[in-house]
Amino acid sequence: MGILQDLTEKLARDVVDAMDETGDDRLHEKVGKVLLDSSPTTQEAYMTAVRVILAERKGRKFLEQTLKAKREGGTAPAAPRGPDAGH
């Protein structure tokens, strides 16, 4: 991986951890604005890393809830409906 990806991924992980610690669920946007002021390329790579990390967390949580429900005889959570799911 190149320096851009390495640095922005590390920053994104640190910011997501700080979001957990501070309870500020918009901290990643604030940091993104700081980056945008200096380097739009860095800001975009950082925001992509943040989106990937947050999406992975959601997916993992869904998986864990589904497995827990299966193991305990409960009801699994419903997956979100996609835009092509119809009405």
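Look a little higher up for the structure.
Residues numbered from 1 in each chain as written. Predicted model: local features only at pLDDT ≥ 70, side-chain atom pairs only at ≥ 80, totals over all residues. Heavy atoms only, no water.

**Observations regarding the nonpolar core**
Under the convention used in this document: Here, the term nonpolar core denotes a set of buried Ala, Val, Leu, Ile, Met, Phe, Trp, Tyr and Cys residues that are joined through side-chain atoms within 4.5 Å. Throughout, exposure labels follow a simple rule: accessible area from a 1.4 Å probe, protein chains only, divided by the maximum for the residue type, with under 20% read as buried, over 50% as exposed, and the rest as partly exposed. Numbered from the N terminus, helices here are DSSP runs of H or I no shorter than four residues, and strands are runs of E no shorter than two. Note on contacts: a residue pair qualifies if any of its non-hydrogen atoms lie within 4.5 Å across the two residues.
Core analysis: the biggest nonpolar cluster contains eleven residues, these being A12, V15, V16, M19, V31, L35, Y46, M47, A49, V50 and I53. No other element matches the five residues that helix α3 (residues 40–72) contributes to this core. Contacts of M19, omitting those with residues within four sequence positions, involve D24, D25, L27 and H28.

**Considerations on the packing of helix α1 (residues 3–22) against helix α2 (residues 27–38)**
Put simply, the rule is: Orientation is described by axes fitted as lines to C-alpha atoms, over the contacting stretch for helices, and by angles from 0 to 180 degrees between their N-to-C directions.
Between α1 and α2, whose axes approach to 9 Å, the crossing angle comes to 140°. Here L11, V15, A18 and M19 of α1 lie close against α2, whose contacting residues are L27, H28, V31 and L35.

**Remarks on α1**
The cut-off we apply is this: One less than the residue count of a helix, multiplied by 1.5 Å, gives the span that helix is expected to have. Think of it as the arc spanned by the lines of direction from the helix axis to the C-beta atoms.
End to end, α1 covers 28 Å across 20 residues, agreeing with the expected 28 Å (1.5 Å per residue, within 8%). Listing the buried residues of α1 in full gives T8, A12, V15, V16 and M19. The arc that holds the buried residues of α1, viewed along the axis, is 100°, so those residues lie on one side. Along α1, the residues that are exposed and aim more than 90 degrees away from the buried face are I3, L7 and E21. The elements touched by buried residues of α1 are α2 and α3. Of the residues one or two after α1, G23 is the one with positive phi, at around 80°.

**Let's talk about the side chain of T8**
Relative to the assigned elements, T8 resides in helix α1. The residues touching T8, leaving out its near neighbours within four places in the chain, are T42, A45, Y46 and A49.

**Comments concerning α3**
Helix length check: α3, at 33 residues, gives a terminal C-alpha distance of 48 Å against a target of 48 Å (1.5 Å per residue), a fit within 8%. Every buried residue of α3 is accounted for by Q43, A45, Y46, M47, A49, V50, I53 and A69. The inward-facing, buried residues of α3 contact α1 and α2. Directly beyond the C-terminal end of α3, a positive phi value near 75° is found at G73.

**With respect to the pattern of salt bridges**
Worth spelling out the cut-off: Basic side-chain nitrogens of Lys or Arg form a salt bridge, by our definition, when they fall within 4 Å of a carboxyl oxygen of Asp or Glu.
Summed over all chains, the structure comprises eight salt bridges. Of the charged contacts in the structure, one is a salt bridge between R26 and E29, with a shortest N-O distance of 3.2 Å. Since its relative accessible area comes to 43%, R26 is described here as partly exposed. With a shortest N-O distance of 2.6 Å, E56 and R60 are connected by a salt bridge. Here E56 and its partner R60 are both found in helix α3, four residues apart, which amounts to about one turn of the helix. Look at the salt bridges and you will find they share partners, linking D17, D20 and R57 into a network.

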